[in-house]
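Notes for the structure review
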Amino acid sequence: MTLEFDKVYHQIAQMGSTLAFRESAAAERLQAVWDRFMALNDNEAIWEKIMVARNHDAGFRGAAPGPGPLIEDCEPFTAAFALPPCPERGTILAADGSQIYPDPHGSSLYYLTNIAVFVYHHGDEGALPEPITEPQLFYQDDELKDREGRIIANAAVNARRSIFEMQLLARETWQRNEAAHPLISISDGPLLFWLGKEVSNAAELMDNYHEAMGILGDLDARLVGYVDQPRSRFVINTLYLMGLEDDAITRQNLMTTGDMEGLDDRIIMRHLLRAGDRSAIMIQQSPQNKAFKDIDEAREIAFFYMNLSSTYQDPYLARVEIPMWVAKNPTAIDQVHSLLYSQCQITDRYPYVLTRADECAVVRGHEKAALNEMIQVELLKNQLSVETSQKLAMKVVSRYGRQQHTGV
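Described in the following lines is the structure provided in the data block. (Residues numbered from 1 in each chain as written. Predicted model: local features only at pLDDT ≥ 70, side-chain atom pairs only at ≥ 80, totals over all residues. Heavy atoms only, no water.)

**Considering the overall build of the protein chain**
For the protein chain, the count of helices and strands is 13 helices and 11 strands. Taken over the C-alpha atoms alone, the protein chain extends approximately 80 × 60 × 45 Å along its principal axes. Put simply, 75% of the contacts in the protein chain that link residues at least 6 apart link residues at least 24 apart. Split by element, the accessible area of the protein chain, about 21800 Å² in all, is 51% carbon and sulfur. (Helix = DSSP H or I, 4+ residues; strand = E, 2+ residues; numbered from the N terminus. Contact = heavy atoms within 4.5 Å. Areas by Shrake-Rupley, 256 points an atom, 1.4 Å probe, with all protein chains shown as cover.)

Pasting the structure below:
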């Protein structure tokens with residue numbers, strides 16, 4: 001039985017009208033939200049309110065003016081910054097990864113990560129880009145099983161892949177310390193990274209992550225976590241906080257955003273940022289970011305929004321996360337700002353280096369099939385049985401080789 005599209009069509013139509021109504025309602029609220037945002041012209045008042053939330057242990061997850069530590073050092077919260085001149089030379093590295101999850105129904109239990117770093121020599125027409133890939137196969141019991149002896153969750157594989165991405169990015173950046181500066185090292189996704197309970201060796205992995213970040217900090221690399229089409233609500237949460245009386249700043253009250261519920265920061269940033277602009281630098285308020293700062297103040301994560309569109313395109317936003325060693329360096333900020341925008345004009349509104357890193361890292365279906373065949377050959381060469389589960393076998397039959405039942 002395949003998907004019966006006639007039965008789902010009316011649901012799709014309803015989805016379209018619902019989303020259209022939501023967009024229309026958001027547009028109607030834009031002016032009120034915009035006026036509240038533009039009124040946030042006092043960084044000291046914002047910080048005072050945030051400190052009240054901290055003292056009340058209210059679980060605030062908003063944006064604070066940055067980079068600090070002195071309030072007079074913070075950029076105006078409502079400011080937009082135009083595109084600065086682009087450096088003539090530079091070295092841009094981007095990391096991405098993919099994985100094959102462990103399959104309990106396969107002929108052998110394993111998982112694989114494939115990490116790629118793509119190196120682009122900005123301003124050097126004679127230097128070819130460099131693709132680097134590092135596949136790793138995991139098949140030992142201590143790599144495949146958790147403390148209870150269960151096959152590790154897909155989320156644990158994802159976490160390990162993210163650690164490997166940062167490690168390879170750090171290694172390849174280190175090896176290019178003599179290349180043209182600035183060194184821009186881009187990770188696909190947020191820098192503010194933490195591990196859940198499903199990851200059994202979380203403490204060790206986080207140590208590895210911070211060690212890699214430390215290497216990049218020692219190099220003074222312009223480390224970036226690139227978040228495409230963000231739906232974060234940090235600025236909205238701050239707007240809501242600023243409208244509360246001090247005694248109303250409680251954990252329960254901050255679980256909502258009142259009349260701004262359902263909105264995210266895009267409604268403001270699309271209105272604020274022209275083509276090529278960035279927002280002010282802001283600092284996410286969260287226990288995870290505090291943990292990063294406690295390890296090393298230079299690793300506290302700041303961010304800004306960017307509009308990657310060209311002049312006649314609709315706004316297209318990214319959130320750019322940076323560690324504090326970058327956030328406090330105005331020259332570094334200008335370099336990140338201009339070089340990211342330059343990259344996004346090569347491939348329509350998305351960094352060229354990340355596009356190529358993804359291309360190098362992805363493991364396609366036919367490659368997975370070839371890998372499984374290679375593993376089966378090796379098992380047979382070592383006189384090991386090759387057996388897949390009947391569940392998998394029946395899936396193959398039902399999907400690709402159905403025949404009429406003729407009896408037994």
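**Overview of the pattern of salt bridges**
In this structure the tally under the stated criterion is 21 salt bridges. We note a salt bridge from E165 to R161, for which the minimum N-O separation is 3.0 Å. Of this pair, E165 and R161 both sit in helix α4 (residues 154-174), four residues apart, which is roughly one turn of that helix. The residues E165 and R161 share a single accessibility class, namely buried. For R222, the salt bridge is made with D220, and the minimal N-O distance between the two is 3.0 Å. On the basis of relative accessible area, D220 is assigned to the partly exposed category, the value being 37%. One connected set of salt bridges, linked through shared partners, spans E130, E134, R171, E172 and R176. (Salt bridge = Lys/Arg side-chain N within 4 Å of Asp/Glu carboxyl O. Buried < 20%, exposed > 50% of the residue type's maximum accessible area, 1.4 Å probe, protein only.)

**Focus: the state of the cysteines**
Taken as a whole and judged by the stated rule, the model has zero disulfides. C344 provides the cysteine sulfur closest to C86, a residue in no disulfide bond, and the two sulfurs are 12 Å apart. The cysteine C360 is free of any disulfide, with C344 supplying the nearest cysteine sulfur at 18 Å. (Disulfide = S-S within 2.5 Å.)

**Points about the packing of aromatic side chains**
The full count for this structure, using the stated rule, is 11 aromatic pairs. Ring-pair connections join several aromatic residues into one group, and the members of that group are W34, F37 and F77. Here the guanidinium or amino end of R278 rests over the ring plane of F81, the centre of that ring lying 4.2 Å away. A cation over an aromatic ring shows up here: R278 above the ring of F304, its NZ or CZ 5.6 Å from the ring centre. (Phe/Tyr/Trp six-rings, centres within 6.5 Å; stacked < 30°, edge-to-face > 60°. Lys NZ or Arg CZ within 6 Å of the ring centre and 35° of its normal.)

**With respect to the packing of helix α2 (residues 43-55) against helix α6 (residues 234-242)**
Where α2 contacts α6, the two axes come as close as 10 Å, and the packing angle between them is 85 degrees. With respect to their mutual orientation, α2 and α6 come out roughly perpendicular. Touching A45, I46, K49, I50 and A53 of α2 are T238, L241 and M242, all from α6. Classifying every residue of the contact of α2 with α6 by side-chain character gives six nonpolar, one polar and one charged. (Axes fitted to C-alpha atoms, helices over the stretch in contact; angles between N-to-C directions. Parallel < 35°, antiparallel > 145°, perpendicular 65-115°, else oblique. Nonpolar A, V, L, I, M, F, W, Y, C, P; charged D, E, K, R; others polar.)

**Digging into the environment of L241**
By secondary structure assignment, the location of L241 is in helix α6. Along the chain, L241 and N253 lie 12 residues apart, while their C-alpha atoms are 9.3 Å from each other. Those residues in contact with L241 that sit more than four places away from it in its chain are K49, I50, A53, F60, I249 and L254.

**What about the environment of Y120?**
Along the chain, the position of Y120 falls in strand β4 (residues 111-122). Along the chain, Y120 and P315 lie 195 residues apart, while their C-alpha atoms are 26 Å from each other. Setting aside its immediate chain neighbours within four residues, Y120 contacts G90, T91, I92, Q343, I346, Y352 and V353.

**Details of the packing of α4 against helix α5 (residues 202-218)**
Remark: α4 packs on α5, axes separated minimally by 9 Å, with the N-to-C direction vectors making an angle of 25 degrees. Regarding the angle of α4 to α5, the classification is roughly parallel. Crossing of α4 over α5 shows left-handed handedness. Across from R160, I163, M166, Q167, L169, A170, T173 and W174 in α4, the residues of α5 making contact are L205, N208, Y209, A212, I215 and L216. In the contact of α4 with α5, the residues fall into 10 nonpolar, three polar and one charged. (Left-handed = near helix turned anticlockwise from the far one by under 90°.)

**Some details on a negative patch on the surface**
The grouping of D42, E44, E48, E72 and D73 at the surface amounts to a negative patch. Along the polypeptide, D73 turns up in the loop between β1 (63-65) and β2 (80-81). (Patch = residues over 30% accessible without salt bridge, like charges linked within 9 Å, V, L, I, M, F, W, Y side chains within 5 Å. Lys, Arg positive; Asp, Glu negative; His and termini not counted. Charge placed at Lys NZ, Arg CZ, Asp CG, Glu CD.)

**What to know about the nonpolar core**
Core analysis: the biggest nonpolar cluster contains 71 residues, and I186, Y209, Y226 and I322 have the highest contact counts within it. With nine residues, α4 is the single largest residue contributor to this core. Aside from chain neighbours lying at most four places away, what touches Y209 is I163, M166, P190, L191, F193 and F292. Membership of the second largest hydrophobic core comes to 35 residues, among which are V33, C74, V235 and Y305. (Core = buried A, V, L, I, M, F, W, Y, C linked by side-chain atoms within 4.5 Å.)

**A short note on unusual backbone geometry**
Residue P67 is reached from G66 by a cis peptide bond, and omega for that bond is 5 degrees. You can see P67 is positioned in the loop between β1 and β2. With omega at 5 degrees, the peptide bond leading from H181 into P182 counts as cis. By the secondary structure assignment, P182 is in the loop between α4 and β6 (183-188). A positive phi angle, close to 55 degrees, is found at D220, a residue other than glycine. Along the chain, D220 turns up in the loop between α5 and β7 (222-228).

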